[in-house]
Amino acid sequence: MKPTYSVIVPIYNEIDCIDELYTRMTAVMDKTGEPWELVLVDDGSTDGSTERMHTIAAQDARVRAIFFARNFGHQIAVTAGMDHALGQAVVIIDADLQDPPEVIPDLIAKWKEGYEVVYAVREVREGETWFKKTTASLFYTLVHKITDVKIPKNTGDFRLLDRQALDVLNSMREKDRYLRGMSAWVGFKQIGVPYHREARYAGSTKYPLKKMIKLAWNAITGFSYVPLQAATYLGFIVAGVSILLIPVVIIVRLVSGSELLGQATTLISTLFIGGVQLICLGILGEYLGRIYDEVKNRPLYITRSVTHSIYDDDEAATDGIEDQ
Ligand code: UDP
Ligand code: MG
């Protein structure tokens, strides 16, 4: 038997959220009256979340727990959950209860109407800093402007995917992953469902600024060449301005007889063009590094173990390294 629904939860040091998540999720999903599974992915936790997940998986056969060999990051943890999910519809949700499990029935309702990708749209965001909200908003506007794929604004990874869309996404093995972009890219019938994003239930954010910037770069480089083309535009602009300045300098020299340009001007223009070149090199480096990662073709993640679930037909649980 296969479950109708799989709920995927990436977990990185969420010991204070796990029990509440499990309780609320069970209450919500049991009400659907259809078979469901909970796919918990331990992204190298060090705070006891791992042991807690073992206990939950041992008590409830609808829970499958996947344990990573180390921390691979949120997007990769979700990917592992997507690889292991067996449901006809798959829901991705955070462990910290910022995305309330009670919204899942709304997502399911849209799926039953025939939508293959149902993403949850944050109408209100509680408990997040001014800085996080402003940077997030700036980032989404920028990504929206420069990428080819229209990634819906104010959405996170909280969404429902139909099996057909999921299979396509699972076949996309790019190393630098921006799942909300990828799921917009696959097409199918998509729709948003508004919801109220709550404050974290417990613990603190696992997305420091560094990880946010990395995700933002993955979003941009994964879906746009505009930064690469920026070098061309900047080149034309700088060259154009210099050409315009040549007659100006000549006229000033002829009319006033003075040498307008002193050392400071030379220094500034040299530093300016040096800066522009370094930025362009850096952008090239960002893309090159990503190509290098792809070429190395290492597995996306390494699992230490995966627990059995009620939905396994005598398949042995996988141990050790999985080649993904
Ligand atoms: N997470 C993860 N690996 C990481 C960082 C985060 O699996 O390296 C999980 C985390 O446990 C949570 C989800 O990803 O379930 C979202 O993280 P968080 O709530 O800290 O991000 P925020 O909501 O602050 O953007
Ligand atoms: Mg959160």
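Figured I'd write up the structure that's included with this text.

What counts, and at which threshold
As a convention, each chain's residues are numbered from 1 in the sequence order in which they are written. The naming scheme follows written order: chains are lettered A onward, ligands numbered 1 onward. For a predicted model such as this one, the threshold for reporting local features is a pLDDT of at least 70, and the threshold for listing and counting side-chain atom pairs is 80 or more; totals across whole chains, interfaces and linings nevertheless cover every residue. In computing side-chain properties, one takes all heavy atoms of the structure into account and sets aside hydrogens as well as water. Neighbouring residues are identified by heavy atoms, a residue being near a molecule or strand if any of them is within 4 Å of it. We define a polar contact as two N or O atoms separated by no more than 3.5 Å, with the added condition that, inside protein, one atom must be a possible hydrogen donor and the other a possible acceptor, whereas residues neighbouring each other in sequence contribute only through side-chain atom pairs. Here the accessible surface of atoms and residues is derived via Shrake-Rupley with a 1.4 Å probe, and residues count as covered only by protein chains that are part of the display. For this classification, Asp, Glu, Lys and Arg are treated as charged, while Ala, Val, Leu, Ile, Met, Phe, Trp, Tyr, Cys and Pro are nonpolar and the rest, including Gly, are polar. Only runs of H or I of at least four residues qualify as helices and only runs of E of at least two qualify as strands under DSSP, and these elements are numbered from the N terminus. In this scheme, a residue with accessible area under 20% of its type's maximum is buried, one over 50% is exposed, and one in between is partly exposed, where area comes from a 1.4 Å probe on protein chains only. Patch building starts from residues that exceed 30% relative accessible area and form no salt bridge, then joins like charges within 9 Å and nonpolar side chains (Val, Leu, Ile, Met, Phe, Trp, Tyr) within 5 Å. Salt bridges are identified by distance alone: a Lys or Arg side-chain nitrogen within 4 Å of an Asp or Glu carboxyl oxygen. Metal sites are built from N, O and S donor atoms within 2.8 Å, or 3.2 Å for Na, K and Ca, and they leave out water, so they may look incomplete. The axes are straight lines fitted to the C-alpha atoms, using for helices just the contacting stretch, and the angles between their N-to-C directions are given from 0 to 180°. Note on convention: near helix rotated counterclockwise from far helix by under a right angle means a left-handed crossing. Clockwise means right-handed. Whether two residues are in contact is decided by their heavy atoms, any of which lying within 4.5 Å being enough. Two strands qualify as a pair provided that DSSP identifies no fewer than 2 bridges between them. If you view a crossover with the strands going away from you and the path from the first strand over the helix to the second runs clockwise, you call it right-handed.

### Focus: the site of ligand 1
Glu14, Asp43, Asp96, Thr205 and Lys206 are the nearest of the 19 residues found near ligand 1. Between ligand 1 and the protein, one listed contact pairs an oxygen atom with a side-chain N or O atom of asparagine 71 at 3.2 Å. One nitrogen or oxygen atom from the side chain of lysine 211 is found 2.8 Å from an oxygen atom belonging to ligand 1. A total of 540 Å² of accessible area belongs to ligand 1 in isolation, and the protein chains cover 95% of it. Residues that form the shell around ligand 1 fall into these classes: 5 nonpolar, 5 polar and 9 charged.

### Description of the side chain of aspartate 60
With respect to the helices and strands, the residue aspartate 60 is situated in the loop between α2 (49-59) and β3 (63-68). For aspartate 60, a relative accessible area of 7% puts it in the buried group. There is a polar contact of 2.9 Å between the side chain of aspartate 60 and the backbone nitrogen of arginine 62.

### A short note on a nonpolar patch on the surface
Residues Tyr233, Ile237, Val241, Leu245, Val248 and Val249 make up a contiguous nonpolar surface patch of about 530 Å² in total accessible area. Inspection of the secondary structure puts valine 249 in helix α9 (residues 226-256).

### Things to note about the coordination of the magnesium ion (ligand 2)
Surrounding the magnesium ion (ligand 2) are the protein donor atoms Asp96 (OD) and Gln98 (OE1), which sit 1.9 to 2.0 Å from the metal. The same class applies to aspartate 96 and to glutamine 98, which are both buried.

### Points about unusual backbone geometry
Unlike most non-glycine residues, asparagine 13 shows phi in positive territory, near 55°. Notably, phenylalanine 188 is not glycine yet its phi reads approximately 65°, a positive angle. As for its position among the elements, phenylalanine 188 is in the loop between α7 (179-185) and β7 (190-197). Owing to a relative accessible area of 34%, phenylalanine 188 belongs among the partly exposed residues under this scheme.

### Topic: the packing of helix α1 (residues 15-30) against helix α4 (residues 104-112)
Between α1 and α4, the shortest axis-to-axis distance is 10 Å and the interhelical angle comes to 35°. The handedness of the crossing between α1 and α4 is right-handed. Contacts between α1 and α4 involve Met25, Val28 and Met29 from the former and Ile104, Pro105 and Ile108 from the latter. Tallied by class, the residues present in the contact of α1 with α4 amount to 6 nonpolar, no polar and no charged.

### So, the pairing of β3
The element β3 is largely enclosed, with a buried count of 6 among its 6 residues. Neither face of β3 is open: one carries Val63, Ala65 and Phe67, the other Arg64, Ile66 and Phe68, and all of them are buried. Pairing between strand β2 (residues 36-42) and β3: 5 bridges, direction parallel. Within β3, the residue paired with aspartate 42 across the bridge is phenylalanine 67. The parallel pair β2 and β3 is bridged by α2, and the resulting crossover is right-handed.

### Looking at the sheet that holds β7
Read from one edge of the open sheet, 8 strands run β7-β5-β6-β4-β1-β2-β3-β8, paired in mixed fashion. The open sheet has two free edges, formed respectively by β7 and β8 (303-306), since each of these has just one partner strand. Mean inter-strand twist for the sheet, computed between neighbouring axes without regard to direction, equals 20°. Strand contacts of α2: β1 (5-11), β2 and β3, with the helix running at about 150° to β3, the strand carrying the most contacts.

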